[in-house]
Amino acid sequence: MHTKQTVRYICEFYPSGRSYYYKQEYITHDSWQNLDSVAWSAPRPIRKKTFLKREKEGYTTEYRHHEQPPAVILPFRRRLEA
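About the criteria used
Residues numbered from 1 in each chain as written. Predicted model: local features only at pLDDT ≥ 70, side-chain atom pairs only at ≥ 80, totals over all residues. Heavy atoms only, no water. Helix = DSSP H or I, 4+ residues; strand = E, 2+ residues; numbered from the N terminus. Buried < 20%, exposed > 50% of the residue type's maximum accessible area, 1.4 Å probe, protein only. Contact = heavy atoms within 4.5 Å. Patch = residues over 30% accessible without salt bridge, like charges linked within 9 Å, V, L, I, M, F, W, Y side chains within 5 Å. Areas by Shrake-Rupley, 256 points an atom, 1.4 Å probe, with all protein chains shown as cover. Salt bridge = Lys/Arg side-chain N within 4 Å of Asp/Glu carboxyl O. Pairing = 2+ DSSP bridges.

## So, the environment of R54
With respect to the helices, strands and loops of the structure, R54 is situated in helix α1 (residues 48–57). The class for R54 is partly exposed, based on a relative accessible area of 22%. The sequence separation of R54 and T3 amounts to 51 residues, and the corresponding C-alpha distance is 12 Å. With residues near it in sequence (within four places) discarded, R54 still touches Y9 and Y59.

## Some details on the environment of V38
You can see V38 is positioned in strand β3 (residues 38–40). For V38, a relative accessible area of 15% corresponds to the buried category. Expressed as a C-alpha distance, the spacing of V38 and I27, which sit 11 residues apart in the sequence, is 5.7 Å. The residues contacting V38, other than those within four sequence positions of it, are Y26, I27, T28 and W32.

## Brief notes about a nonpolar patch on the surface
A surface patch of nonpolar side chains, about 310 Å² in accessible area, is lined by Y26, W32 and W40. Considering the arrangement of structural elements, one finds Y26 in strand β2 (residues 19–28).

## A closer look at the pattern of salt bridges
In this structure the tally under the stated criterion is 6 salt bridges. In this structure, the salt-bridge partner of E25 is K23, at a minimum N-O distance of 3.3 Å. Residue class for E25 comes out buried when judged on its relative accessible area of 14%. Between E57 and R54 there is a salt bridge; the shortest N-O distance is 3.1 Å. Of this pair, E57 and R54 both sit in helix α1, 3 residues apart, which is roughly one turn of the helix.

## Here we look at the pairing of strand β1 (residues 7–13)
Along β1, 6 of the 7 residues are buried, which leaves the element largely enclosed by surrounding structure. As judged from the 7 bridges shared by β1 and β2, these two strands associate in the antiparallel manner. Bridging across to β2, R8 finds its partner in Q24. Hairpin connection from β1 to β2: 5 residues lie between these consecutive antiparallel strands, with G17 at a positive phi of about 100 degrees. One ladder, built from 6 bridges, connects β1 with strand β5 (residues 60–65); its direction is parallel. Counted as the bridge partner of F13 is H65 from β5.

Dropping the structure here:
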C-alpha cells in the first residue's frame, strides 16, 4: 500500500479538450537503501472520479497542460498504375 508521500496523481489536458488521468507510484527495483534503484512507476490510467477523490483527500496532484499544435496533413498524389 502506498502512502501520500509515495504516490502522485496526474491530470493531462490537451488542446482538443480531452483530459487524461494517471496514477504513479514511487517504487524500487532493488532495495530502498539503493537510491539508484528508486524511480516513479509507469503512469497507470485512472478515472476522473478517482483523481478528484484523491485530490480532496490531500494526495499530491499535478496538472499538465500540453500545447501541441494540431497535426499537419500532407496531401499525397496517387500513383497511376502503368
